[in-house]
Amino acid sequence: VWDEFVGFWITMAFLPATYVNVIVGFCLFRLFDILKPWPISWLDKNISGGLGIMIDDVVAGLAAAAVIALLHSTNLL
């Protein structure tokens, strides 16, 4: 469960805590965490132990944060 919290915290770390950012951030983090696009899927399959459990959620959080930053930079959010 902690890996999910950490991934979401990473998503939201540098964003203002608005309702829109929290909802979009949560949805994007869960989308990346569930679908596991590359490189998240590779990390999930090839890194074992505690690091493997955490790293896919950390990268999913970074990916979600990058998408939100892109949305903000293009004034779509």
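Since we're looking at a predicted model, the values are computed, not measured.

Novice: What should I look at first to understand the packing of helix H1 (residues 2–12) against helix H4 (residues 49–73) in this one?
Specialist: Angle between the axes and distance between the axes are the two parameters that describe a pair of packed helices. Axis separation between H1 and H4 bottoms out at 7 Å; the angle between their running directions is 25 degrees. As far as their axial angle goes, H4 and H1 are roughly parallel. Crossing handedness for the pair H1 and H4: right-handed. Residues Asp3, Glu4, Val6, Gly7, Ile10 and Thr11 of H1 form the contact with H4, whose participating residues are Ile53, Met54, Asp57, Val58, Gly61, Leu62, Ala64, Ala65 and Ile68. The residue makeup of the contact of H1 with H4, split by class, is nine nonpolar, three polar and three charged.

Novice: Just to check I follow, could you spell out H1 for this structure?
Specialist: Listed in full, the buried residues belonging to H1 are Asp3, Gly7, Thr11 and Met12. End-on, the buried residues of H1 take up no more than an arc of 165 degrees, which puts them together on one face.

Novice: Looking at this structure, I do not really get the packing of helix H2 (residues 19–35) against H4. What am I missing?
Specialist: One can describe the packing of H2 onto H4 by two numbers: an axis separation of 8 Å at closest approach and a directional angle of 135 degrees. Taken together, the axis directions place H2 and H4 in an arrangement best described as oblique. H2 and H4 meet at a crossing whose hand is right-handed. Contacts from Asn21, Val24, Gly25, Leu28, Phe29, Phe32 and Asp33 of H2 reach H4 at Asp56, Asp57, Ala60, Gly61, Ala63, Ala64, Val67, Ile68 and His72. Of the residues assigned to the contact of H2 with H4, the class counts are nine nonpolar, four polar and three charged.

Novice: What's the story with the packing of aromatic side chains in this structure? I'm lost.
Specialist: Aromatic rings considered in pairs are described by the distance between their centres and by the relative angle of their planes. Applying the stated criterion across every chain yields a total of four aromatic pairs. Members of the aromatic cluster, connected to one another through ring pairs, are Trp2, Phe5 and Trp9.

Novice: Just checking my understanding: could you explain the confidence of the model for the protein chain for this structure?
Specialist: Note: predicted coordinates in regions of low pLDDT should not be interpreted at a detailed level. In the predicted model, the protein chain carries a mean pLDDT of 92, and 100% of its residues have values of at least 70. Mean pLDDT across the elements of the protein chain bottoms out in helix H3 (residues 40–46) (91) and peaks in H2 (95).

Conventions we followed
Residues numbered from 1 in each chain as written. Predicted model: local features only at pLDDT ≥ 70, side-chain atom pairs only at ≥ 80, totals over all residues. Heavy atoms only, no water. Axes fitted to C-alpha atoms, helices over the stretch in contact; angles between N-to-C directions. Helix = DSSP H or I, 4+ residues; strand = E, 2+ residues; numbered from the N terminus. Parallel < 35°, antiparallel > 145°, perpendicular 65-115°, else oblique. Left-handed = near helix turned anticlockwise from the far one by under 90°. Contact = heavy atoms within 4.5 Å. Nonpolar A, V, L, I, M, F, W, Y, C, P; charged D, E, K, R; others polar. Buried < 20%, exposed > 50% of the residue type's maximum accessible area, 1.4 Å probe, protein only. Arc of directions from axis to C-beta. Phe/Tyr/Trp six-rings, centres within 6.5 Å; stacked < 30°, edge-to-face > 60°. pLDDT = per-residue confidence, 0-100.

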